Amino acid sequence: MPVKNYLLFLFIVITVINAHAQNNTSLTVERNTNKPLNVIFILSDDHRYDFMGFTGKVPWLQTPNMDKMAREGVWIKNASVTTSLCSPSRATILTGMYAHKHTVVDNSSPLPPNLIFFPQYLQQAGYRTAFFGKWHIGEADNSPQKGFDEWESFRGQGVYYNPTLNINGKEKTFGDSTYITDLLTNNAIDWLKKQDNKKPFFVYLSHKGVHAEFYPAKKYRDVYKDEPIPYPSTINLTVSDSSIVYGNTNQCPTGAMVKNDTNYNIADIPKWVYKQRYSWHGVDYMYHGQIKFDDFYRRYCETLLSVDESIGKIMQYLKESGRDKNTIIIYMGDNGFLMGEHGLIDKRNMYEESMKIPLLVYGSGIIEQGKTLEEIIQNIDIAPTILDMAGIKKPQQMQGESFYPLLKGENVAWRNKAFYEYYWEYAFPQTPTTFGVRDGDYKFIFYPGIWDINEFYDLKTDPEEKKNLIRVTAYQPVIKKMRAEMYDWLQQTGGMQIPLKRLEDKKIDNLYKNTY
């Protein structure tokens, strides 16, 4: 073999060995002093952080069970994701690792076989584990995944009515207008009823709701059809001459109306935001014209009602069975969702409505009641927290931290920064690769690889992110510091290389469809 080829071969072998050693951490369970608890983790899809009754964001939206969790448990007010996209977020939840570490950076990235999911540690510690619902990681099919004794899932995004589930390796199709949220909830409760009290249990209930296309349960269909839409104040800032103008422009002004208003900075809205307004994820051409914004908004809320009902059924079962005294319920969204803010819908970007998520924790007599946590907690912290609740120390490869002590009211040191990453997707090219950091009330958003302006906001004075302060002289030292912190985070956690994925398909966006 020529020396050149031999050196190349040797380099590839060493790279593969190093990658395997980095991810294939030994599955060793180390105990802590916490008494193992039962845990039920309920995950919804695309539920934004403030669409819950108790927040008052949508005056007519009723979520009595989420309200109960907040009233009698803990609401984590500043919860967010490290990547606002289904597959990367779900992989982060399971591994406790950033997307650049587990490498599931988009919805089609393959799932590395040597990743360890936190339920595997629970199994090692004697837990019975079960998964019900949407997996959607790396375009994986509905086949059973490691870490779960019971498995019920569907392919891809699934359907709301008459779903087909893979139940422990065998597919079963349901008819008679079976609604997926109800089916998953009932099946989870049936499984719980079969468990004795000799072993602790962990249930991962992963709903399809409230992912588009929104199809509410029949009993909730059209319950909000006549309710007025509370349009966000920034929905019209990027309008063009051909744009739809929403709501009352006194509350939702156009960019031309406020171009000289010091509460805004229209000139420094990134160009990609203007362009995305007329796209699959923009209010002028949302889902390529398949649905109107007002119908979209109301159906989203109607679909959410079944998720709230699911929480209520779980709480009722636990109380009736007496298991509420040693069981924690965690409710969370996999990412946020814009509802017209900045003229956009969907997620992916680093704006508040995309990055922040609902996160509620409920446990009778276990955690504090009626408390609002202000700390910055992210999806990277879920795996270490659940393991902590199970009496298991955090594995070395996990990059998040347990917030279980905070739930119990303990005074512990906690981070004041939230880091963010999103990688450009071939299928939805409207949103650029994004990195950023939130430090207290300040947020810095960085767009590498495109000729556009970056963003900096003071969320205390500008919670709606209307005034980009990136050019303001007084903030330059802070911006410089935050950008350095962003790079430090990437460097220290192995994120300085963008994990590229091979492309096979043609483009599907409205501007360049069917081109390579």
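These notes cover the structure that comes with them. For clarity, every value in this text was computed on a predicted model and none was experimentally measured. (Residues numbered from 1 in each chain as written. Predicted model: local features only at pLDDT ≥ 70, side-chain atom pairs only at ≥ 80, totals over all residues. Heavy atoms only, no water.)

### A word on the sheet that holds strand 13 (residues 417-422)
Strand-to-strand pairing in sheets goes through backbone hydrogen bonds, with the strands running parallel or antiparallel. Spelled out, the test is: Two strands are counted as paired when DSSP detects at least two bridges linking them. Helix and strand labels come from DSSP, where a helix needs a run of H or I of at least four residues and a strand needs a run of E of at least two; each type is numbered from the N terminus. Lines fitted to C-alpha atoms define the axes, with helix axes restricted to the stretch in contact, and inter-axis angles between N-to-C directions lie between 0 and 180 degrees.
Pairing in this open sheet of 4 strands is antiparallel, and the strands run 13-14-15-16 from one edge to the other. The sheet is open, and its two edges are formed by strand 13 and strand 16 (455-458), each paired on a single side. Across the sheet, the mean angle from the axis of one strand to that of its neighbour is 10°, orientation sign disregarded. Here 4 bridges tie strand 15 (residues 442-446) to strand 16, and the two strands are oriented antiparallel to one another. By the bridge assignment for strand 16, I445 is matched with E455.

### Digging into the sheet that holds strand 1 (residues 38-44)
Rule in force here: Contacts were defined at the residue level, with two residues in contact if any of their heavy atoms lie within 4.5 Å.
Pairing is mixed across the open sheet formed by 10 strands, whose spatial order is 6-5-4-3-7-1-8-11-2-12. Each having just a single partner strand, strand 6 (170-173) and strand 12 (371-378) make up the two edges of the open sheet. Within the sheet, the average angular offset between the axes of one strand and its neighbour, ignoring direction, is 15°. When strand 4 (residues 150-154) meets strand 5 (residues 164-167), the two strands line up antiparallel, connected through 2 bridges. Bridge pairing links E152 to I167 in strand 5. On top of the sheet, helix 2 (residues 64-72) reaches strand 2 (74-80), strand 8 (327-333) and strand 11 (359-362); it is set at about 65° to strand 11, its chief contact. Its contacts with the sheet place helix 8 (residues 293-321) against strand 1, strand 7 (201-206), strand 8 and strand 11, and it is angled at close to 175° to strand 8.

### Focus: the pattern of salt bridges
Formally: Counted as salt bridges are all cases of a side-chain nitrogen of Lys or Arg within 4 Å of a carboxyl oxygen of Asp or Glu. Per-residue accessibility, obtained with a 1.4 Å probe over protein chains only, is compared with the maximum for each type, and a residue is labelled buried under 20%, exposed over 50%, and partly exposed between these values.
If you walk through the whole model with that rule in mind, you get 31 salt bridges. A salt bridge links R128 to D149; the nearest nitrogen and oxygen atoms lie 4.0 Å apart. With a gap of 21 residues between them, R128 in strand 3 (residues 128-134) and D149 in the loop between strand 3 and strand 4 connect regions that are remote in the sequence. Among the salt bridges present, the one from D381 reaches R415, with a minimum N-O distance of 2.7 Å. Remark: R415 occurs in the loop between helix 11 (404-407) and strand 13 and D381 occurs in the loop between strand 12 and helix 10 (382-389); sequence separation between them is 34 residues. By relative accessible area, R415 is classed as partly exposed at 26%. Connected through salt bridges with shared partners, the residues D46, D346, K347, R348 and E425 form a single ionic network.

### Considerations on the nonpolar core
Stated formally: Within this scheme, the nonpolar core is defined by two criteria: the residues are buried Ala, Val, Leu, Ile, Met, Phe, Trp, Tyr or Cys, and they are joined through side-chain atoms within 4.5 Å.
Counting 62 residues, the largest nonpolar core has V203, F293, F296 and Y297 as the members making the most contacts within it. Listed by contribution, the elements that provide at least two residues to this core are strand 1, helix 2, strand 3, helix 6 (180-193), strand 7, helix 8, strand 8 and strand 11. The element contributing the most residues to this core is helix 8, with 13 residues. By size, the runner-up hydrophobic cluster in this structure holds 50 residues, among which are L115, W151, I330 and I357.

### Here we look at unusual backbone geometry
Look at the link from G209 to V210: it is a cis peptide, with omega at 10°. Looking at where V210 falls in the secondary structure, it is placed in the loop between strand 7 and helix 7 (271-276). That bond from A212 to E213 is cis: its omega, -5°, falls within 30 degrees of zero. With respect to the helices and strands, the residue E213 is situated in the loop between strand 7 and helix 7. Backbone geometry at Y287 places phi at a positive 50°, although glycine is not the residue there. If you trace the backbone, Y287 turns up in the loop between helix 7 and helix 8. By relative accessible area, which is 10% here, Y287 ends up buried.

### Regarding the environment of Y98
Along the chain, Y98 falls in the loop between helix 3 (86-95) and helix 4 (99-102). With relative accessibility at 7%, the residue Y98 sits in the buried group. In this structure, the C-alpha to C-alpha distance between Y98 and T33, residues 65 residues apart in sequence, is 27 Å. Not counting residues up to four positions away in its chain, the partners in contact with Y98 are T82, T92, I380, Q399, F419, E421, W489 and T493.

### Remarks on the packing of aromatic side chains
Operational definition: Side-chain rings of Phe, Tyr and Trp, where Trp is taken by its six-membered ring, are said to pair if the distance between their centres is within 6.5 Å; with planes under 30 degrees apart they count as stacked, over 60 as edge-to-face, and otherwise as tilted. Counted as over-ring charges are cases with an Arg CZ or a Lys NZ within 6 Å of the ring centre that also lie within 35 degrees of the ring normal.
Counted under the stated rule, the structure contains 43 aromatic pairs. Considering the side-chain rings of F202 and Y204, the 6.4 Å spacing of their centres and the 75° angle between planes classify their relative orientation as edge-to-face. Summarising the burial analysis for this pair, F202 and Y204 share the class buried. Pairing F214 with F296 gives two aromatic rings, centres 5.1 Å apart and planes at 50°, and the pair type is tilted. Here F214 is found in the loop between strand 7 and helix 7, whereas its partner F296 is found in helix 8, with 82 residues between them in sequence. Accessibility assignment for this pair places F214 and F296 in one class, buried. Above the ring of Y160, the side-chain terminus of K208 is found at 4.7 Å from the ring centroid. Geometry around Y404 places K408 over its ring, the cationic atom sitting 4.2 Å from the centre.

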